[in-house]
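# Descriptive analysis of the structure
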Amino acid sequence: MNYQTEGVVLKSFSSGEYDRIYWFFSPQFGKINFVAKGVRKSLAKLAGGLEPLTQAEVFLVKGKKIDRVVGVTALDQFQEIQKNLEKNIRARSILELLFYLEMDSSEAEKIYFQLKQYLFELNKSMISLGKTDLLSLGAIWKIIFLSGWGIDFFHCLSCGEKLQREKKNYFCFGRGVICVDCLKKETENFFHLPIEKDVIKLLRFLVQQDLIFCKKLNLSDRLILTLKKLTKAYLDEIIGKKMLDLWF
Ligand SMILES: [Zn+2]
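The model shown is predicted, which means the values in this text are computed figures rather than measured ones. (Residues numbered from 1 in each chain as written. Predicted model: local features only at pLDDT ≥ 70, side-chain atom pairs only at ≥ 80, totals over all residues. Heavy atoms only, no water.)

### A look at the packing of aromatic side chains
Let me state the cut-off plainly: In this analysis, rings of Phe, Tyr and Trp, with Trp reduced to its six-membered ring, are considered paired at centre separations within 6.5 Å, and the interplanar angle assigns stacked below 30 degrees, edge-to-face beyond 60, and tilted for intermediate values. Only DSSP runs of H or I covering at least 4 residues are called helices, and only runs of E covering at least 2 are called strands; the numbering of each starts at the N terminus. Only protein chains enter the accessibility calculation, which uses a 1.4 Å probe; a residue whose area is less than 20% of its type maximum is buried, one above 50% is exposed, and one in between is partly exposed.
In this structure the tally under the stated criterion is 11 aromatic pairs. Ring geometry for Tyr-3 versus Phe-29: centroids 5.7 Å apart, planes at 80°, classification edge-to-face. Residue Tyr-3 is found in strand S1 (residues 2-15), and its partner Phe-29 is found in the loop between strand S2 (19-26) and strand S3 (30-36); the two are separated by 26 residues along the sequence. Ring plane angle 75° and centroid distance 4.9 Å describe the contact between Phe-99 and Tyr-100, whose orientation is recorded as edge-to-face. Residue Tyr-100 is classed as partly exposed on the basis of its relative accessible area, which comes to 26%.

### What to know about the packing of helix H5 (residues 108-122) against helix H6 (residues 129-146)
For clarity, the cut-off: Between N-to-C directions, angles cover 0 to 180 degrees, with each direction set by a line fitted to C-alpha atoms, over the stretch in contact for helices. Oblique is the label for any angle not under 35 degrees, not over 145, and not in the 65 to 115 range, which are roughly parallel, roughly antiparallel and roughly perpendicular in turn. Contacts are residue-level and defined by heavy atoms, with any inter-residue pair within 4.5 Å sufficient. Charged residues are taken to be Asp, Glu, Lys and Arg, nonpolar residues to be Ala, Val, Leu, Ile, Met, Phe, Trp, Tyr, Cys and Pro, and polar residues to be all remaining types, Gly included.
At a closest axis distance of 10 Å, the pairing of H5 and H6 adopts a crossing angle of 175°. Here H5 lies roughly antiparallel to H6, going by the angle between them. On the side of H5, the interface is formed by Lys-110, Ile-111, Gln-114, Tyr-118, Glu-121 and Leu-122, while H6 contributes Thr-132, Leu-135, Ser-136, Ala-139, Lys-142, Ile-143 and Leu-146. Along the lines of polarity and charge, the residues of the contact of H5 with H6 split into seven nonpolar, three polar and three charged.

### Observations concerning the environment of Tyr-3
The condition is simple: Any pair of N or O atoms that falls within 3.5 Å is considered a polar contact. Within protein, one atom must be able to donate a hydrogen and the other to accept it, and sequence-neighbouring residues count only if both atoms are side-chain atoms.
Given a relative accessible area of 17%, Tyr-3 falls into the buried group. A sequence separation of 54 residues divides Tyr-3 from Glu-57, and the C-alpha atoms of the two residues are 11 Å apart. The contact partners of Tyr-3, leaving out residues within four places of it in the chain, are Phe-29, Val-58, Phe-59, Leu-60, Lys-62 and Asp-67. Within polar-contact distance, the side chain of Tyr-3 engages the side chain of Asp-67 at 2.4 Å.

### Let's talk about the sheet that holds strand S7 (residues 176-179)
Strand pairing in a sheet takes place through backbone hydrogen bonds and is either antiparallel or parallel in direction. The test is simple: Note on pairing: DSSP must find at least two bridges between two strands before they are called paired.
One open sheet holds the three strands; their spatial order is S7-S6-S8, and the pairing between them is antiparallel. Each edge of the sheet is formed by a strand with only one pairing partner; in this case those strands are S7 and strand S8 (192-195). The average undirected angle you get between the axes of adjacent strands in this sheet is 35°. By the bridge criterion, four bridges tie strand S6 (residues 169-172) to S7 in an arrangement that is antiparallel. Opposite Asn-169, over in S7, you have Cys-179 as the bridge partner. Against the sheet, helix H8 (residues 197-208) engages S6, S7 and S8, with an angle of about 90° to S8.

### Details of H5
Just so we agree on the cut-off: Multiply 1.5 Å by the residue count of a helix minus one, and that product is the helix's expected span.
Under the 1.5 Å per step criterion, the end-to-end length of H5 is 21 Å for 15 residues, consistent within 8% with the ideal 21 Å. Within the sequence span of H5, burial applies to Ala-108, Ile-111, Tyr-112, Gln-114, Leu-115, Gln-117, Tyr-118, Leu-119, Glu-121 and Leu-122.

### With respect to the domain arrangement of the protein
Filter applied, for reference: Residue ranges labeled as domains rest on an automatic or database domain assignment. Put simply, buried area is the surface a 1.4 Å probe can reach on two separate parts but cannot reach once they are joined, added for both. We count a salt bridge whenever a side-chain nitrogen from Lys or Arg sits within 4 Å of a carboxyl oxygen from Asp or Glu.
Assigned domains within the protein: domain 1 (2-76) and domain 2 (79-248). Each of domain 1 and domain 2 has a C-alpha centre, and the two are 29 Å apart. Taken together, both faces of the contact between domain 1 and domain 2 bury some 1600 Å²; the carbon and sulfur share is 68%. Joining domain 1 to domain 2, the criterion identifies two salt bridges. In this structure, the salt-bridge partner of Lys-11 is Glu-96, at a minimum N-O distance of 2.7 Å. The tally of links between domain 1 and domain 2 comes to seven residue pairs in polar contact (both at pLDDT 80 or more). Those elements that provide at least two residues to the side of domain 1 that touches domain 2 are S1, S2 and S3. It is S1 that provides the largest number of residues to the side of domain 1 that touches domain 2, a total of seven residues. Here the residues of the side of domain 1 that touches domain 2 are counted per class, giving 10 nonpolar, four polar and three charged.

Encoded structure:
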């Protein structure tokens, strides 16, 4: 059976002497993989359209073990991202996240929409490094929430009260945010970090607002750095320190 789907190439690996396995994110099927036969030997036309960070339409044939790609039309190779090292590192880390994060395909369409919007915005020229970071952090948190790894940034995980600006709050990995009063009562010892009220506010914004609004925020470098550290620590927790950390 033949079928076709649009998507973005996340990653590829060589397989055996001549073949290559591709991981691909599609709005219809979520994360899928397929094999390209003899790509390295013949340098077939396929390979060019299947470089990671390519948005493409792929034509596949159902296989017993793995589906096989028989045709590809590259739709966008995001030239601006390709030639800008800072953007490239960030975009590739988003692809890595999609590759490593466990998810089912139920929200694939929404995740794909965010991915496309992120790459489209990042591909525009004249974005400062700070905005590039914010866009990338926004995309990461959107993906985290859509794939079921989200956290309640509004209520204390223990008492359920709305988090208050006046109180100190703590980020508890894999669980949520806890207020200082509840933390004092906790007998179980778990990994937690203090989380500033401005960071909570920013996280709520990133999760709730459209990705394009991230670019409009004017934040201090310090706040962005704090959010980066927290994000990296959380990613280490949910995908096990596999992500490239070149920009965190
Ligand atoms: Zn509490």
